[in-house]
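# Residue-level structure breakdown
Residue strings, one per chain:
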Amino acid sequence: MLPRRELGRTGLSVSPIGLGTVKFGRATGVRYPTRFSIPDDAAAARLLAIASERGVNLLDTAPAYGESEERLGRILIGQRDRWVLCTKAGEEFDAQSGKSSFDFSAPGITASVERSLHRLGVDALDVVLLHSDGRDEWILRDSEAWEALQRLRERGIIRAAGISTKSPEGAMLAATMCDVVMVTLNLRERADLPAIEAARLAGAGILIKKALASGWLDAVETTGIDPVERSLSFALGTPGVSSVIIGTIDPDHLAHNIDAAARV
Ligand code: NAP
């Protein structure tokens, strides 16, 4: 079984890897190396069962991941208390046009969170992250979104609030403002390392996205060592990292990732 790590000061304990669920609900407008089909509910449920049996307790989803939230809501019936749920707010994806739109207004964020509660079938969400469009600092400082999340947290509808950032400057600002930050870290992309250290010092929970370079592993590996093992060892060995969110719809990849995380 995988051990648990504290998610900063949130009081939540999470497995060192979480399951990312972009591919549970969206197959267009993504930049993965190979084409794929969205798994059906039975296949998605099998992935969650493998993850849970091996000690993974963190699921990452978003309204922008197409059907992902609704699908998780169906699969999680009867097992919601086993999982720490992280979703996002601010981005919507339209499958018809293949384009995203963004709304960081207070009514927009509040409505998105309320819809996530309904879709996921829960009374409260463990973590809600603002889904950045690239304007990280504007979103945190100048939009209504951050205050809207604070109000939802005060109402007990969300337990921890943060942002998934797109720039080192945004990640640095988030490190001292947020309960949780989600940043990019892999063997080739290390620009968020200073923000990770700042978040650690500030007691924020740190979630890593794209630890496997979104599947472009050939690009990160030149040593002949298993690239998954090397990537996870790097991300999980970085001080302050709470959990690495890895997206997969392949049960063998999931088992491989869990084995690699268990060895770190
Ligand atoms: P990632 O986890 O680095 O890579 C996922 C890709 O790697 C998938 O195509 C997957 O394909 C492949 N993969 C997984 N395990 C593998 C293994 N053991 N061997 C070979 N290939 C493997 O990147 P990501 O999906 O871009 O990001 C991870 C998660 O972070 C997402 O699912 C999402 O939850 C979150 N995220 C958030 C944002 C944001 O802006 N907030 C952006 C990106 C990602 P298979 O399905 O074939 O395994």
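Scroll up for the structure.
Attention in this report is confined to the structure presented alongside it. Each chain carries its own residue numbering, running from 1 in the direction its sequence is written. Where local features are concerned, this predicted model is filtered to residues with pLDDT of at least 70; where side-chain atom pairs are given and counted, the filter is 80 or more; whole-chain, interface and lining totals use all residues. Working from all heavy atoms in the structure, the side-chain values ignore hydrogens and water.

### Here's the deal with the nonpolar core
One finds I17, L149 and V244 to be the most contacted residues of the largest nonpolar core, which totals 68 residues. Dropping the residues within four chain positions of it, V244 is found in contact with P16, I17, G18, I208, A211, L232, A235 and L236. Core analysis: the next-biggest nonpolar cluster, separate from the first, contains 13 residues, V84, L129, L207 and I245 among them. Among buried residues, those of type Ala, Val, Leu, Ile, Met, Phe, Trp, Tyr and Cys that are joined through side-chain atoms within 4.5 Å constitute a nonpolar core. Three labels apply to residues, based on accessible area from a 1.4 Å probe with only protein chains included: buried if under 20% of the type maximum, exposed if over 50%, partly exposed otherwise in between. When checking whether two residues touch, look at their non-hydrogen atoms; a contact exists if any pair is within 4.5 Å.

### Some thoughts on the packing of aromatic side chains
Aromatic rings from Phe, Tyr and Trp, with only the six-membered ring used for Trp, were paired whenever their centres fell within 6.5 Å, and each pair was classed as stacked if the ring planes differed by under 30 degrees, edge-to-face if by over 60, and tilted otherwise. For the structure on display, the rule yields 3 aromatic pairs. The interplanar angle of 75° and the centroid separation of 6.0 Å between the aromatic rings of Y32 and F36 together place this pair among those described as edge-to-face. Taking the relative accessible area as the measure of exposure, Y32 reaches 26% and is therefore partly exposed. Ring centres of F102 and F104 lie 6.1 Å apart, and the angle between their planes is 20°; this geometry places the pair in the stacked category. The rings of F102, F104 and W138 are connected pair by pair, giving a single aromatic cluster. Geometrically, a lysine NZ or arginine CZ counts as sitting over a ring once it is within 6 Å of the ring centre and also within 35 degrees of the ring normal. In this structure, R190 is placed above the aromatic ring of F234, and the distance from its NZ or CZ to the ring centre is 4.4 Å.

### A closer look at unusual backbone geometry
Residues other than glycine seldom take positive phi values, yet A213 does so here, at roughly 55°. By the secondary structure assignment, A213 is in the loop between strand 11 (205-209) and helix 8 (227-236). Of note in this structure, S214 is not a glycine but carries a positive phi near 50°. When its relative accessible area of 24% is taken as the criterion, S214 is described as partly exposed. Under the DSSP-based scheme used, a helix requires at least four consecutive residues in state H or I and a strand at least two consecutive residues in state E, with every element numbered from the N terminus.

### Describing the side chain of T184
Tracing the chain through its elements places T184 in strand 10 (residues 180-184). Look at T184 and you get buried, because its relative accessible area is 13%. Leaving out residues up to four positions away in the same chain, T184 has contacts with E189, D192, K209 and K210.

### A few points about the sheet that holds strand 3 (residues 17-20)
DSSP calls a pair of strands paired once it identifies at least 2 bridges connecting them. Read around the closed barrel, the 8 strands follow the order 3-4-5-8-9-10-11-12; overall the barrel is parallel. Neighbour to neighbour, the strand axes of the sheet diverge by 25° on average, direction disregarded. By the bridge criterion, 4 bridges tie strand 3 to strand 12 (residues 243-247) in an arrangement that is parallel. Bridge pairing links L19 to I246 in strand 12. Helix axes use the C-alpha atoms of the stretch in contact, all axes being lines fitted to C-alpha atoms, and the angles between their N-to-C directions lie in the range 0 to 180 degrees. Helix 8 rests against strand 3 and strand 12 of the sheet, and its axis sits at about 145° to strand 12.

### Considering the pairing of strand 6 (residues 91-94)
The side chains of a regular strand alternate between the sheet's two faces. Of the two faces of strand 6, the one lined by E91 and F93 is fully buried and the one lined by E92 and D94 carries no buried residue. With 4 bridges joining them, strand 6 and strand 7 (residues 99-102) adopt antiparallel strand pairing. In the sheet register, F93 faces strand 7, and the bridge partner there is S100. Hairpin remark: strand 6 followed by strand 7, antiparallel, with 4 residues in the connecting loop; positive phi at G98, about 70°.

### Remarks on the site of the ligand
When we say a residue is near a molecule or strand, we mean one of its heavy atoms is within 4 Å of it. Close to the ligand lie 29 residues; Y32, D60, S164, T248 and H253 are nearest. Here a polar contact is taken to be a pair of N or O atoms separated by no more than 3.5 Å, where protein atoms must pair a possible hydrogen donor with a possible acceptor and residues adjacent in sequence count only if both atoms sit in side chains. Contacts to the ligand include S164, whose side-chain N or O atom sits 2.6 Å from a nitrogen atom. Taking G247, its main chain carries an N or O atom lying 3.0 Å from an oxygen atom of the ligand. Per-residue and other accessible areas were derived by the Shrake-Rupley procedure at a 1.4 Å probe size, with only the shown protein chains allowed to occlude residues. Considering the ligand on its own, with 880 Å² of exposed area, one finds that the protein chains cover 90% of that surface.

### A closer look at the pattern of salt bridges
Whenever Lys or Arg places a side-chain nitrogen within 4 Å of a carboxyl oxygen from Asp or Glu, that contact is recorded as a salt bridge. Applying the stated criterion to the full structure yields 14 salt bridges. Across the pair E197 and R200 runs a salt bridge whose closest N-O atoms are separated by 2.8 Å. Pair noted here: E197 and R200 are both in helix 7 (residues 193-202), with a separation of 3 residues, about one helical turn. For R200, a relative accessible area of 37% gives the class partly exposed. Members of the salt-bridge network, linked through shared partners, are R9, R153 and D179.

### Some remarks on the environment of G90
Here G90 lies in the loop between strand 5 (84-89) and strand 6. As a C-alpha pair, G90 and S132 span 42 residues in sequence and 7.1 Å in three-dimensional space.

### A word on the environment of E189
Positionally, E189 belongs in the loop between strand 10 and helix 7. Overall, the relative accessible area of 40% leaves E189 in the partly exposed class. As for E189 and A211, which are separated by 22 residues in sequence, their C-alpha atoms are 9.0 Å apart.

These values are about where atoms sit, not about what they do.
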